[in-house]
Amino acid sequence: MCGIVGYTGGNPASSILVSGLRRLEYRGYDSAGLATLGENGLELRKRAGRVRVLEEALEANPARGTCGISHTRWATHGPATDANAHPHLGGNARAVAVVHNGVIENYAALRSELTAQGYAFASQTDTEVIAHLIARELGEGDDLYEAVQRSLPYLEGTYGLAVVSPRCPGQVIGARFGSPLVVGLGEDEHLLASDALAIAPHTANVAYLQDGEVVRLTPGKFEIRHQEHGPITPRIDRLDWKPDAVELGGHAHYMLKEIREQPDTVMDACRGRIRRAEGTAIFGGLNMSPRQLRRVRRVVFAACGTSWHAALVGEYLIERLAHLPVEVEYASEFRYRNAPLDDRTLVFVLSQSGETADTLGALREAKRQGHPTLAIVNTVGSTIAREADGGIYLHCGPEVGVASTKAFTAQVTVMTLLALYLGRLRHLSFTDGLAVADALAEVPSALTSVLATEPAIEAAAHRIASARSALFMGRDLHFPVALEGALKLKEISYIHAEGYPTAEMKHGPIALVDSETPCIFVAPRGSLHGKTLGNVEEVKARHGMIISVGTEGDESLASLSDVFLPIPDLPEVVQPLVAVVPLQLLAYHVARIRGCDIDKPRNLAKSVTVE
Ligand code: HGA
């Protein structure tokens, strides 16, 4: 959330800052702004609305200078207005400009104190106190780096900050506590960003800041200090992204592009991880030996949103293949609950971005209690990836669409491999293990066939686009798929949608069934298929509109359905990976028909770095 970009070098800062914001806009799009240091001092431009509104303001009134900071906001404190847009100015003489990602929990007390000291506030944000604090510490001096370091101890909460001052031309100061920041190391130029995506077009060399670190960038140098431990020698990492990874490449939306990438991304998530000769999976980064993993008696998954649904598929698979008890927790609940975990519990967290604040909190709580912690994340080098004891990367490339799609199927792929691996450490036979590995190998081509049915899914979308509410139902492994289908629809089309275990329908949701309410059944052939057909009949008897995702050639389901969306015949353990795709496309087309902003849905943002 909230995109931050800072630049200092030999090129005009404004265009670099704005193009960086465009790459980060999916993280927040309430307002956008920048501050540059030009010959006439600090130049500030900020506007409520999208980055393009800021660009229009800049066309009319360019901001000069080769050093500056910028921000795209997802509001936590104060609505999306020009005044609340970042940067915020500190000191009554525009001494500093600050952009911030995070939440300052003691902002109200600081605001009263600073107001009493004569500082005038121009916004409703928590961020503005940071700007005034830094200005206060800077006083009449010109050591911004020191002033920022003296200000930070006053703050309670989380921050990723970028700061400039007209008294320190050419300098950008960054500070991190709980919100990510990364430095880009170019030739005679340095960048600072909340996400390496903004840096990638300029350099592949990056240094991730850790909590408690403060950085000073000038065109030729960067230095990092830890608030408690003093100067730090940074580790330089290399970004390893395909150049077109964040381009639309002719697709109408990132979400559609990412849906269509899934045959490749599922293959990438499997790559090098299947060992057919042993009928099992292998992982490079778990940092736990088979002996240690065999001692595990219980697995807890902690995650949020779509990742939580992927974890739920993991629960069904691991219980089925490895007979190991699994619990799936909302990370935001788990971190503050006093959940009794014994010493043979393994805690696994899932996060696409690797920066999700609640999931990071859950990880830290589990580590504090001394549990082994593992992570499944997409973003290499992210905070969760660094802090977990070991983990598994998704390798599905940057996901830009706010509604997660390819990360979900990559997570479910990893879950299937994990269940196979844990199963083979316990009771699963070689033959059964090999069958799972072979089933996974069928998935990419099955996904390609499902993607080819997009016109039929689009036609189904027209039938439900004006619904007020929709029910998604699935059993066993397809219950999490139903939840995910409902989440996709509500996220991007704003139609109210609920996911239920199919048989649970009778215990309440069936009261909602009428001819206007689409009932979407995820029901490929499997062990509970006959029972599901009974539930579909019950809805039909009440004149419900039935849309089903089923195995091609399943005439019994097709004849009960108003719309039948076929998927190839696949072994049950891999069906969720394929059955979710018609639901992703359905949500996409419904949102498109309704004219919704698919890649930037209302009130949402990617990479939820606030609690
Ligand atoms: N609290 C600040 C920044 C919000 C944020 O980090 N969102 O992700 C504000 O409301 O402007």
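Below, the structure is looked at part by part. If you're wondering where the values come from, they're calculated on a predicted model, not measured in any experiment.

The rules we used
- Residues numbered from 1 in each chain as written.
- Predicted model: local features only at pLDDT ≥ 70, side-chain atom pairs only at ≥ 80, totals over all residues.
- Heavy atoms only, no water.
- Helix = DSSP H or I, 4+ residues; strand = E, 2+ residues; numbered from the N terminus.
- Contact = heavy atoms within 4.5 Å.
- Areas by Shrake-Rupley, 256 points an atom, 1.4 Å probe, with all protein chains shown as cover.
- Lys, Arg positive; Asp, Glu negative; His and termini not counted.
- Charge placed at Lys NZ, Arg CZ, Asp CG, Glu CD.
- Phe/Tyr/Trp six-rings, centres within 6.5 Å; stacked < 30°, edge-to-face > 60°.
- Buried < 20%, exposed > 50% of the residue type's maximum accessible area, 1.4 Å probe, protein only.
- Lys NZ or Arg CZ within 6 Å of the ring centre and 35° of its normal.

Below, the discussion takes up the overall build of the chain. Helix and strand counts for the chain come out as 19 helices and 27 strands. C-alpha extents for the chain along the principal axes are approximately 80 × 55 × 45 Å. A separation of at least 24 residues holds for 71% of the contacts in the chain among residues at least 6 apart in sequence. As presented, the chain carries roughly 22,600 Å² of accessible surface, and 49% of it is formed by carbon and sulfur atoms. When the 59 basic and 71 acidic side-chain charges of the chain are each reduced to a single mean position, those positions are 2 Å apart.

What follows covers the side chain of Arg-27. Secondary-structure assignment places Arg-27 in the loop between α1 (13-24) and β2 (31-38). In this structure, Arg-27 is in contact with Met-1, Cys-2, Gly-3, Trp-74, Asn-101, Pro-180, Ser-194, Asp-195, Ala-605, Lys-606, Ser-607 and Thr-609, ignoring residues within four places of it in sequence.

Using the criterion set out here, one finds four aromatic pairs in the structure. Between Tyr-159 and Phe-177, the ring centres sit 5.9 Å apart and the planes meet at 40°, which makes this aromatic pair tilted. One end of the pair, Tyr-159, is in strand β7 (residues 159-164); the other, Phe-177, is in strand β8 (residues 172-177), and 18 residues separate them in sequence. Using a relative accessible area of 6% as the deciding quantity, one classes Tyr-159 as buried. Taking relative accessible area as the criterion, Phe-177 reaches 39% and is therefore assigned partly exposed. Ring geometry for Trp-308 versus Tyr-330: centroids 4.3 Å apart, planes at 5°, classification stacked. Remark: Tyr-330 occurs in strand β19 (residues 326-330) and Trp-308 occurs in helix α9 (residues 305-322); sequence separation between them is 22 residues. With relative accessibility at 11%, the residue Trp-308 sits in the buried group. On the basis of relative accessible area, Tyr-330 is assigned to the partly exposed category, the value being 44%. The ring of Tyr-154 carries Arg-136 above its face, with NZ or CZ at 5.0 Å from the centroid.

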